[in-house]
Amino acid sequence: MTEQRAKPQPKFLLPVLMGILLLLNILLRIITLPIPSPDMYQYLLEWVEILRSHGGFAGLAINFSDYNPPYLYLLTLISYLPAGQAMFWIKIASALMDFALAGAAFGILRALAVRRDYAAAGAILLLFAPSVWSVSSVWGQCDGFYTFFLFLTILALLSQRPYAALAAFTLAISFKLQSIFLAPLLLVLLLRRQIPWKSLLVGIPLYLLALLPAALAGRSWLDLLTIYFNQANSYDRLTLNAPNLYAFIPPRYYHPVVYIGIALAGLVCLGLALWLARREQPFSRLQLMAIAAAFLFIVPYLLPKMHERYFFAAAAAYLILSIADRRFWPVAAGLQITNAIPYFYFINGANTPAVVLIPLAVLQTVLLGFSLYRTRQVLAAPPAQVTV
């Protein structure tokens, strides 16, 4: 009796399935376009109207927003479109950046030697992650912009292109200060001389170039260079719905806990960076990705004054990492829960109540501990053939 062999699947089946999933994701985003959010009406639409009333580009001379100029350039373009369409174009722009983020995720997975079909599936999974599509297509926020450039930074590091990595990181910083969550990884590689110190010179002119259009519009360089400093002093709360360490601490202890927390985060990151820099073996690509994801998780967990959205990059990074290494899938799944629930409350105009936030912070703490345990396992493995 001859053994029957399974019939090979048609080659077109997978691309068709991927295409259907992409269409479903686009449909999901179209359905959510009309849904308003507090940020949309309190900030984004108001900023567009300010720009429109002052002639578009000329409005960039006004200090009306605590966002850095690169994102305001997008709002400036939208201000030239017919009134009443701004919300849709803001969300469409953020959704398009999600697709760019998925493309960068695909590149990272391929650099991690993940099969092409699995890498494509991982990229599509990222588009369906609640922590991703709800921020862009419901909330209308721009976290996908800086995370896209952070992913390009990681991809450049995996490809041993330090100057490209510093350029991408600078562009990430120019969109959102939260990009500094990845800075400890760059410090590790600088100390190991895998990134030349002179490559830092790429960042300064590129950052200034990102601010230049606003300066040409008439805004002072002092205003432009102190935006992030003023932004950091805008809120007097230990946590702004973020399920991190400070969800356990009563608000009345804001002083001096805020200073202790900043010092704690700095010392922990510096200590980890020095420890990793002393490692004799080269990092494999998987090890480097695991370290990147770990810092994206550790920093917003330890820093006070964090918004709920500040775990956006960590959730995206662990989702991608879980495709390359299944040991991380509990972290990826858990971060979708701890991100999505506070999002739900905020999008509906409410703060996450303590009775919900504290259990989420407990889960977040467990996830962080588990992720560090898995990262330690990855680092303990012998170096792979592909190292950086």
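Structure's up top.
Residues numbered from 1 in each chain as written. Predicted model: local features only at pLDDT ≥ 70, side-chain atom pairs only at ≥ 80, totals over all residues. Heavy atoms only, no water.

A. Spatial organisation of the overall build of the chain. Looking only at helices and strands, the chain features 17 helices and 2 strands. Taking 2.2 N^0.38 as the reference for a compact globule, 388 residues should give roughly 21 Å; the C-alpha atoms of the chain span a radius of gyration of 21 Å, in line with that estimate. Taking the principal axes of the C-alpha coordinates as reference, the chain spans close to 80 × 50 × 45 Å. As displayed, the chain offers around 17,900 Å² of accessible surface, 70% of which is attributable to carbon and sulfur atoms. Seen as two clouds, the 26 positive and the 13 negative side-chain charges of the chain have centres 12 Å apart. (Helix = DSSP H or I, 4+ residues; strand = E, 2+ residues; numbered from the N terminus. Rg over C-alpha atoms; globule rule 2.2 N^0.38 Å. Areas by Shrake-Rupley, 256 points an atom, 1.4 Å probe, with all protein chains shown as cover. Lys, Arg positive; Asp, Glu negative; His and termini not counted. Charge placed at Lys NZ, Arg CZ, Asp CG, Glu CD.)

B. Inspection of the pattern of salt bridges at higher detail. By the definition in use, this model includes 6 salt bridges. For arginine 309, the salt bridge identified is with aspartate 39, shortest N-O distance 3.9 Å. Pair noted here: arginine 309 is in the loop between strand 2 (306-307) and helix 15 (312-324) and aspartate 39 is in helix 2 (residues 38-53), with a separation of 270 residues, a long-range link. The pair arginine 309 / aspartate 39 is uniform in exposure class, with both members buried. (Salt bridge = Lys/Arg side-chain N within 4 Å of Asp/Glu carboxyl O. Buried < 20%, exposed > 50% of the residue type's maximum accessible area, 1.4 Å probe, protein only.)

C. Up close: the packing of aromatic side chains. This model, assessed by the stated rule, comprises 16 aromatic pairs. Pairing phenylalanine 148 with phenylalanine 149 gives two aromatic rings, centres 5.0 Å apart and planes at 65 degrees, and the pair type is edge-to-face. Cluster of aromatic residues (ring-pair linked, three or more members): Tyr43, Trp47, Phe64, Tyr67, Tyr71, Phe145, Phe148, Phe149 and Phe175. One cation-aromatic arrangement involves arginine 115 over tyrosine 118; the distance from NZ or CZ to the ring centre is 4.4 Å. (Phe/Tyr/Trp six-rings, centres within 6.5 Å; stacked < 30°, edge-to-face > 60°. Lys NZ or Arg CZ within 6 Å of the ring centre and 35° of its normal.)

D. How the structure looks around the nonpolar core. Within the largest apolar cluster, 113 residues are counted, with the highest numbers of intra-cluster contacts made by Phe151 and Tyr318. Looking at which element gives the most residues to this core, the answer is helix 14 (residues 285-302), with 14 residues. Those residues in contact with tyrosine 318 that lie beyond four places of it in its chain are Ala293, Ala294, Phe297, Phe328, Val331, Ala332, Leu335, Ser371 and Thr375. Counting 5 residues, the second largest nonpolar core, distinct from the first, contains Leu238, Tyr254, Val257 and Val258. (Core = buried A, V, L, I, M, F, W, Y, C linked by side-chain atoms within 4.5 Å. Contact = heavy atoms within 4.5 Å.)

E. Spotlight on the side chain of arginine 219. Relative to the elements of secondary structure, arginine 219 occurs in the loop between helix 10 (203-217) and helix 11 (221-225). Nearest to the buried, unbridged arginine 219 among oppositely charged side chains is aspartate 223, at 4.1 Å. A polar contact is formed between the side chain of arginine 219 and the side chain of asparagine 63, at a distance of 2.9 Å. Non-local contacts of arginine 219, meaning those with residues more than four positions away in its chain, are made with Leu60, Ala61, Ile62, Asn63, Ser65, Ala214, Leu224 and Ile227. (Polar contact = N/O pair within 3.5 Å; in protein donor to acceptor, adjacent residues only side chain to side chain.)

F. Structural view of helix 9 (residues 183-191). Of all the positions in helix 9, only Pro184, Leu185, Leu186, Val188, Leu189 and Leu190 are classed as buried. Residue arginine 193 follows helix 9 closely and has a positive phi angle near 60 degrees.

G. Geometry of the environment of glycine 122. Within the fold, glycine 122 resides in helix 5 (residues 116-128). For the pair glycine 122 and alanine 105, spaced 17 residues apart in the sequence, the C-alpha separation amounts to 7.7 Å.

H. Representation of the side chain of arginine 29. Mapped onto the fold, arginine 29 is located in helix 1 (residues 13-32). Given the relative accessible area of 4%, arginine 29 is considered buried. In terms of polar contacts, arginine 29 uses its side chain to reach the side chain of aspartate 98, at 2.8 Å. Beyond its immediate stretch of four places on either side in the chain, arginine 29 contacts Ala95, Asp98, Phe99, Leu127, Val132, Trp133, Ser136 and Ser137.

I. Structural view of unusual backbone geometry. Residue histidine 255 is joined to proline 256 through a cis peptide bond whose omega torsion reads 5 degrees. Along the polypeptide, proline 256 turns up in helix 13 (residues 254-277). Here the phi dihedral of alanine 113 falls at roughly 65 degrees; this positive angle occurs in a residue that is not glycine. When you line up the elements, alanine 113 lands in the loop between helix 4 (86-111) and helix 5. For lysine 305, which is not a glycine, the phi torsion comes out positive at approximately 65 degrees. Its place among the elements puts lysine 305 in the loop between helix 14 and strand 2. Overall, the relative accessible area of 15% leaves lysine 305 in the buried class.

J. Structural context of the packing of helix 3 (residues 69-79) against helix 4. At their nearest, the axes of helix 3 and helix 4 sit 10 Å apart, and the two run at 140 degrees to each other. The orientation of helix 3 relative to helix 4 falls into the category oblique. In the packing of helix 3 onto helix 4, the handedness of the crossing is right-handed. Of the residues in helix 4, those touching helix 3 at Tyr71, Leu74, Leu75 and Ile78 are Ala86, Trp89, Ile90 and Ala93. (Axes fitted to C-alpha atoms, helices over the stretch in contact; angles between N-to-C directions. Parallel < 35°, antiparallel > 145°, perpendicular 65-115°, else oblique. Left-handed = near helix turned anticlockwise from the far one by under 90°.)

K. Structural detail: a nonpolar patch on the surface. Judged by side-chain polarity, Phe57, Tyr80, Leu201, Ile204, Leu208, Leu209, Leu212, Leu216, Trp221 and Leu225 come together as a nonpolar surface patch covering roughly 1,000 Å² of accessible area. It is helix 10 that provides the largest number of residues to the nonpolar patch, a total of 5 residues. By the element assignment, tyrosine 80 lies in the loop between helix 3 and helix 4. (Patch = residues over 30% accessible without salt bridge, like charges linked within 9 Å, V, L, I, M, F, W, Y side chains within 5 Å.)

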